[in-house]
Amino acid sequence: MAQTETQPAEPIIQPDSHARLGRWIGIGVVVAAILALGVAVLQVDLHPRTDDASVRANFIEIAPEVSGRLVELPVNDNAFVKQGDTLFVIDPRPYQYALQQALSDQESLEQEIIDARRHIAAQASAADAVRAGLVSSRTGVQTAGSGIDVSVAAVTRAQAAVAAADAQLKLATNDLHRIEPLLAKQYVTVEQIDSANTAVRVAQGNYDEAQAALAQAQAAQQQAGFRKMEATSVAAEQEARVGQAIHTIDTVDTLESERPAKAAKVDSARLDLERTRVVAPFNAYVTNMNISVGEYAHPGTPLFTLIDTRTWYVIANYRESKLKTLHLGDHVDLYLMGHPDRRFNGTVDSIGYGVFPEDGGVSQGLPNIDRTLNWVHLSSRFPVRIRVLDPDPEMFRIGATAVTVVR
């Protein structure tokens, strides 16, 4: 006969035991959920995070400072350029001509100043000669005055000689007239009469000579007066010439005052020439380029944009309730949505102090209050600027979405 296996008897579970086990499992699940929720809330409070963040970087619009047609454009859109690389070149020929003209004008001014100084030196020499002539003329006036004094003395002496000769002539004539009647009575001799006549003739000669000397002295006096008048006239003329010579001496002050303006034109022309070649001010990416060689550049009109790759930021918009846990310098973990497996490090650089109040504001001087739900109040978000410490320029792009966790 075959032996049959005996099956073990199954334990009999009572309905009350099933109910108790289910209750314990439910309680455990609820407790675990509460604990997980508490841990999550605690983690969110201790380490605020947000996915409302975007990558930012400084960028500048490249605009020429001079006008002209582009003759070189060695960069392309979205290309990386290093600091000092040429971005574009504007036709430099007009600015080279302007610089040459400015240098020529400056050199011409310097030559004018040199010529003016030579002319002034000649005028100064002429003035010195005129001053010497004036001194000579004044000496001539003094000499003429001395000559007049001498001639006056000579006239005085001649007048005295004439008076003496006249007295002698009258004496001799009177003697002759007294003794002539005595000759008939023979009281005097013929010899005495002849002596008296001789005396008269000698006195007459002396008188005539004295008169001639007086006339000569008077003529000399008159001539001396004329010489003094002439010397005085020459002196006056020389004084006038001195004044005119001094007045006509030019100065280089006016020409020298033009030097700063000429130098400024040279510097401006040289600066404009340098501005025809535009180089990258820092390592950057070129973007928003839609031009080619031959484009006419206008001052102040942007041609394209440079993204500064030296410093990258993430702008994270945190709820105002989380701001109390954020501090400057806090460490931040950063994740890019395009590369979620890569963690980057950052620090809180600044926290925004103002946003536009969408639920209320000031409109034309009066408060403008928008309607809101009575049972819920929306929390405002403030931008927090986070500086990236270890950016990868190949991964970071302005506007890329990021996730930030403050540690």
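The coordinates are above.
Residues numbered from 1 in each chain as written. Predicted model: local features only at pLDDT ≥ 70, side-chain atom pairs only at ≥ 80, totals over all residues. Heavy atoms only, no water.

### So, the pattern of salt bridges
Where charged atoms of side chains with opposite charge meet at close range, the side chains can pair. Scanning all chains against the criterion turns up 13 salt bridges. The residue Lys170 makes a salt bridge to Asp166 at a minimum N-O spacing of 3.4 Å. Here Asp166 and Lys170 lie together in helix H2 (residues 93–184), a separation of 4 residues that amounts to about one turn. Judged by relative accessible area, which is 23%, Asp166 ranks as partly exposed. A salt bridge links Asp333 to Arg343; the shortest N-O distance between them is 3.3 Å. With a gap of 10 residues between them, Asp333 in strand E9 (residues 331–336) and Arg343 in strand E10 (residues 339–351) connect regions that are remote in the sequence. (Salt bridge = Lys/Arg side-chain N within 4 Å of Asp/Glu carboxyl O. Helix = DSSP H or I, 4+ residues; strand = E, 2+ residues; numbered from the N terminus. Buried < 20%, exposed > 50% of the residue type's maximum accessible area, 1.4 Å probe, protein only.)

### Quick word on the layout of surface pockets
A volume near 200 Å³ is recorded for the second largest pocket. Forming the boundary of the second largest pocket are Asn78, Tyr285, Val286, Thr287, Ile307, Trp312, Pro393, Glu394, Phe396, Arg397 and Ile398. Of all the secondary-structure elements, those providing two or more residues to the lining of the second largest pocket are strand E6 (284–287) and strand E8 (304–319). Each residue belonging to the lining of the second largest pocket can be placed in one class, and the counts come to 7 nonpolar, 2 polar and 2 charged. (1 Å grid on protein atoms, 1.4 Å probe; cavity = no way out; pocket = protein on both sides within 12 Å on 5 of 7 lines; lining within 4 Å. Points joined across faces, edges and corners; volume = space filled by probe spheres on them. Nonpolar A, V, L, I, M, F, W, Y, C, P; charged D, E, K, R; others polar.)

### As for the packing of aromatic side chains
According to the stated counting rule, one finds 4 aromatic pairs in the structure shown. Relative to Tyr285, the ring of Phe80 lies with its centre 5.3 Å away and its plane at 65°, an arrangement referred to as edge-to-face. Placement of the pair is Phe80 in strand E3 (residues 80–81) and Tyr285 in strand E6, with a sequence separation of 205 residues. A residue is classified by how much of its surface remains accessible, and Phe80, at 42% relative accessible area, is partly exposed. Accessibility expressed as a relative area gives 23% for Tyr285, which makes it partly exposed. Measuring from centroid to centroid gives 5.7 Å for Trp312 and Phe396, while their planes differ by 50°, and the two rings are tilted. One end of the pair, Trp312, is in strand E8; the other, Phe396, is in the loop between strand E13 (381–388) and strand E14 (401–406), and 84 residues separate them in sequence. (Phe/Tyr/Trp six-rings, centres within 6.5 Å; stacked < 30°, edge-to-face > 60°.)

### Section: unusual backbone geometry
Of note, Asn78 is a non-glycine position whose phi angle comes to about 65°, a positive value. Relative to the elements of secondary structure, Asn78 occurs in the loop between strand E2 (68–72) and E3. At Asn288, a residue that is not glycine, the phi angle is positive and equals roughly 60°. Examined against the element boundaries, Asn288 turns out to sit in the loop between E6 and strand E7 (296–297).

### A few points about the side chain of Thr276
Tracing the sequence through the fold places Thr276 in the loop between helix H5 (259–274) and strand E5 (277–279). Judged by its relative accessible area of 4%, Thr276 is buried. In terms of polar contacts, Thr276 uses its side chain to reach the backbone carbonyl oxygen of Leu273, at 2.5 Å. (Polar contact = N/O pair within 3.5 Å; in protein donor to acceptor, adjacent residues only side chain to side chain.)

### Focus: the pairing of E10
The pairing of E9 with E10 spans 6 bridges and is antiparallel. Across the sheet, residue Leu334 finds its bridge partner in E10, namely Phe344. Bridge count between E10 and E13: 5 bridges; the pairing is antiparallel. From the neighbouring strand, Val348 faces E13, where its bridge partner is Ile386. (Pairing = 2+ DSSP bridges.)

### Side note on the environment of Leu169
Within the secondary structure, Leu169 is located in helix H2. Aside from chain neighbours lying at most four places away, what touches Leu169 is Val200, Ala203, Gln204 and Tyr207. (Contact = heavy atoms within 4.5 Å.)

### A short note on the sheet that holds E7
As a general point, the strands of a sheet are linked pairwise by backbone hydrogen bonds and lie either parallel or antiparallel. The antiparallel open sheet is built from 4 strands, whose spatial order is E5-E4-E2-E7. In this open sheet, the two edge strands, each paired with only one partner strand, are E5 and E7. Of the pairings in the sheet, the one linking strand E4 (residues 86–90) to E5 comprises 3 bridges and is antiparallel in character. Bridge assignment links Val89 to a residue of E5, and that residue is Arg277.

### Thoughts on the nonpolar core
In terms of nonpolar packing, the biggest core is built from 24 residues, with Val314, Val384 and Phe396 touching the most fellow members. Where this core is concerned, the elements lending two or more residues are strand E1 (49–62), E8, E9, E10, E13 and E14. Looking at this core element by element, the count peaks at 5 residues for E8. Not counting the four nearest positions on each side in its chain, Val384 is found in contact with Val314, Ile315, Ala316, Tyr318, Leu323, Leu326, Val348, Ser350 and Ile351. Membership of the second largest hydrophobic core comes to 21 residues, among which are Val66, Phe88, Ala284 and Val286. (Core = buried A, V, L, I, M, F, W, Y, C linked by side-chain atoms within 4.5 Å.)

This is a description of form; function is not addressed.
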